[in-house]
Structure formats: C-alpha cells, structure tokens
Amino acid sequence: MSHINIDVENVSFSYEKEHPVLRDITFHAGGQDAIGIIGANGVGKSTLLKLLVGLVPDFSGSVRVGDVLLEKKTLPLIREKIGYVFQDSDSQLFMTNVYEDVAFAPRNYGLPEEEVAARVEQALSQTHTGHLRNRQIYRLSGGEKKLVSIATILSMTPDILLMDEPSVALDPKNRRNLIHILNECGYLKIIASHDLDFIWDTCSRVLLMAEGRIIRDGKTEEILRDGALLEQYGLELPLSLYRRK
Ligand SMILES: Nc1ncnc2c1ncn2[C@@H]1O[C@H](COP(=O)(O)OP(=O)(O)O)[C@@H](O)[C@H]1O
Ligand SMILES: [Mg+2]
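The following paragraphs examine the structure supplied in this document. (Residues numbered from 1 in each chain as written. Chains lettered and ligands numbered in written order. Predicted model: local features only at pLDDT ≥ 70, side-chain atom pairs only at ≥ 80, totals over all residues.)

## A closer look at unusual backbone geometry
Excluding glycine, a negative phi dihedral is what most residues carry, and trans is how most peptide bonds are arranged.
Okay, so step 1: The phi dihedral of H128 falls on the positive side, at around 55°, and the residue is not glycine.
Okay, so step 2: Within the secondary structure, H128 sits in the loop between helix 5 (113–126) and helix 6 (142–154).
Okay, so step 3: Positive phi, close to 45°, is recorded for T157, a residue that is not glycine.
Okay, so step 4: By secondary structure assignment, the location of T157 is in the loop between helix 6 and strand 7 (160–164).
Okay, so step 5: For T157, a count of 16 C-beta atoms within 10 Å translates into the label partly exposed. (Helix = DSSP H or I, 4+ residues; strand = E, 2+ residues; numbered from the N terminus. Buried ≥ 20, exposed ≤ 12 C-beta atoms within 10 Å, placed from the backbone.)

Shown next, in the form of structure tokens:
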C-alpha cells in the first residue's frame, strides 16, 4: 500500500517563451488519494502529468515525491516511484509480445526470473488480461493495449499511478473493468481526463484547471455537481448526474 506524498509547489512552465502553459501550480497529495485533474482541452492537464515524471525540462518551482526532489539526477529514483500511463498506448508498449512488455520493468530492476513471473501474473490478473499473455502487441485492439499498458505499470509496483485520459479507446465493458481496477488498487492515483463520468466513478478529489492554473481543488462530490462552475470552464455535468435528476 502506498503512503507516499507528492508535493507540488509554485510550479510554472512554458514550452515557448511568452506562452505560459502551467502557472503557479501548488497541490499536495498523499496516502491513497485518487485525484482527478479536469479542464477543457489545452488547459495543461497532460503537461502537468508529464512534468511530474520529468518529461518536461526547465520548469520553475519544485516537485517532491516522498523526500526526493525532482531534478535530473533523481529521475531514475522518481520513475521507480511513479508509474505513468501514457494517453497513447503505442508510446508505452515497445516489446513484441504482452508478456515481455509486462516483464520489462521488473527485469530491468534485476529481479530474479521467478519474481518477474510472479509480478507479471499479478499485473495480468489485476487487469484481466491473462488471456492476452502470449499475444503480439500489434495485433491487440486499442482497449486491449490500454489494459496491457496499465499492466506494464502495475508490474513495476509504483507508489503513485498517473494516468492521462485512461478511458479513451475503451468499450463500455473495459471501461467498467478499468474503473474496478482503479478502485481496487490502493495506490495514490492522479488521473487527467475530460471524461467526468470516469472521474466521478474513480476519484474522491478533483483539481479543476483553466489556462494553466488550478481554479478549484476540492471534493469530487462538490465540484462535479456544480453545473454552473463546470459550464464556466467549458465542461458539463457528468451524464450519470443528469440521469439521476
Ligand atoms: N510539445 C509541445 N510544444 C509546444 N506546445 C505544446 C506542446 N504540448 C502541448 N503544448 C501546448 O500546451 C498547452 C497545454 O497542452 P496539454 O497539456 O496537452 O493540455 P490538455 O492535456 O489539458 O489538453 C496547449 O496550448 C498545447 O497546445
Ligand atoms: Mg491532454
């Protein structure tokens, strides 16, 4: 179980001068928080997640994961603590078959092959992808790739799970499956998505972003029920809330 903290203080970033993408972002998370980062297209959700795993250089402010300050020389350590699920599974998967891909991280840690096999089976079982173990990656559907991508991260046993738009490309069955997986695993989770129904089903806390800033940080129940607030920032109430009205 995860008991790590992540502390983000006054983080600002721009890809190009004169175009700030993240502006003075501060938030703290810990324990088994499940945090949804929401906001319209282009507000900086993906950039924020990438920054937390050291995929964008030269930001101002600080990020601490546990007691490790994120900087170039601590990146290997940070990447053992944080598992990042890319929006695009093709950026995540690079071995030829499913087993090899899920085995890659534990092998890379130098674990004995028995332990590697146990980690792989655990991750495949958690993501209900055991039947895909010998399949070639390029033959998988988009939804299967997504679940296998998540398995490649779970086999690392990270302390923190970051996911960028995880529900994209999933059919309803796999979507429910993923919601179940996330709700079962006791990691600290940060999920960026404009799928507010998915956030509603998986997150207890929400950060609402607009123009690179965090506009609200509060309980999912409060923020996602506030239709006027969501509309002001280019979003809509989760569909499940409409149906319940
Ligand atoms: N590699 C990049 N180079 C320059 N600008 C980028 C790059 N990636 C994203 N941006 C810009 O940064 C802003 C935030 O993008 P992004 O973080 O992808 O937003 P979101 O995930 O909320 O849709 C957008 O204006 C986008 O055009
Ligand atoms: Mg994005």
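## What to know about the sheet that holds strand 4 (residues 60–65)
Okay, so step 1: The strand order across the open sheet formed by 4 strands is 2-1-4-5, and the pairing between neighbours is antiparallel. Each end of this open sheet is capped by a strand with a single partner; those strands are strand 2 (19–29) and strand 5 (68–69).
Okay, so step 2: Inspection of the sheet shows strand 4 paired to strand 5 by 2 bridges, in the antiparallel sense. Note on strand 5: the bridge partner recorded for R64 is L69.
Okay, so step 3: Strands in contact with helix 1 (residues 45–52) are strand 1 (6–16), strand 2 and strand 4; relative to strand 2, the strand with the most contacts, it is inclined by about 60°. (Pairing = 2+ DSSP bridges. Contact = placed C-beta atoms within 7 Å. Axes fitted to C-alpha atoms, helices over the stretch in contact; angles between N-to-C directions.)

## Some details on helix 4 (residues 98–108)
Okay, so step 1: Listed in full, the buried residues belonging to helix 4 are V98, Y99, D101, V102, A103, A105 and P106.
Okay, so step 2: In this structure, the buried residues of helix 4 make contact with helix 5 and helix 6.
Okay, so step 3: The positive-phi residue at the C-terminal boundary of helix 4 is G110, with phi of around 80°.

## Structural notes on the sheet that holds strand 3 (residues 34–38)
Okay, so step 1: Pairing within the open sheet is mixed, and its 6 strands lie in the order 6-7-8-3-9-10. Each edge of the sheet is formed by a strand with only one pairing partner; in this case those strands are strand 6 (82–85) and strand 10 (213–219). Taken pair by pair, the neighbouring strands of this sheet meet at an average axis angle of 15°, ignoring direction.
Okay, so step 2: As paired elements, strand 3 and strand 9 (residues 205–210) share 4 bridges and run parallel to each other. Directly across from I37, in strand 9, lies its bridge partner L207.

## A short note on the site of ligand 1
Okay, so step 1: Around ligand 1, the surrounding shell consists of Y15, V21, G39, N41, G42, V43, G44, K45, S46 and T47.
Okay, so step 2: Among the elements that line the shell around ligand 1, the one with the most residues is helix 1, at 3 residues.
Okay, so step 3: When the residues that make up the shell around ligand 1 are grouped by side-chain class, the tally is 3 nonpolar, 6 polar and 1 charged. (Near = placed C-beta within 6 Å. Nonpolar A, V, L, I, M, F, W, Y, C, P; charged D, E, K, R; others polar.)

## Points about helix 5
Okay, so step 1: The end-to-end C-alpha distance of helix 5 is 20 Å, a good match for the 20 Å that 14 residues give at a rise of 1.5 Å each.
Okay, so step 2: Where helix 5 is buried, its residues touch helix 4 and helix 6.
Okay, so step 3: Positive phi appears at H128, one or two residues downstream of helix 5, with a value of about 55°. (Expected span 1.5 Å × (residues − 1).)

## Considering the packing of helix 4 against helix 6
Okay, so step 1: Put simply, helix 4 and helix 6 touch, their axes get as near as 7 Å, and they point 30° apart. The orientation of helix 4 relative to helix 6 falls into the category roughly parallel. By crossing handedness, the relation of helix 4 to helix 6 is classed as right-handed. Facing helix 4, whose interface residues are V98, D101, V102, F104 and A105, helix 6 presents V148, A151 and T152.
Okay, so step 2: Residues of the contact of helix 4 with helix 6, tallied by class, amount to 6 nonpolar, 1 polar and 1 charged. (Parallel < 35°, antiparallel > 145°, perpendicular 65-115°, else oblique. Left-handed = near helix turned anticlockwise from the far one by under 90°.)

## Section: the packing of helix 4 against helix 5
Okay, so step 1: Where helix 4 contacts helix 5, the axes come no closer than 9 Å and their chain directions differ by 125°. The orientation of helix 4 with respect to helix 5, classified from their angle, is oblique. As helix 4 runs across helix 5, the sense of the crossing is right-handed. Note on element contacts: helix 5 touches helix 4 through E115, V116, R119, V120, A123 and L124, opposite Y99, V102, A103, P106 and R107.
Okay, so step 2: Grouping the amino acids of the contact of helix 4 with helix 5 by side-chain chemistry returns 8 nonpolar, no polar and 3 charged.

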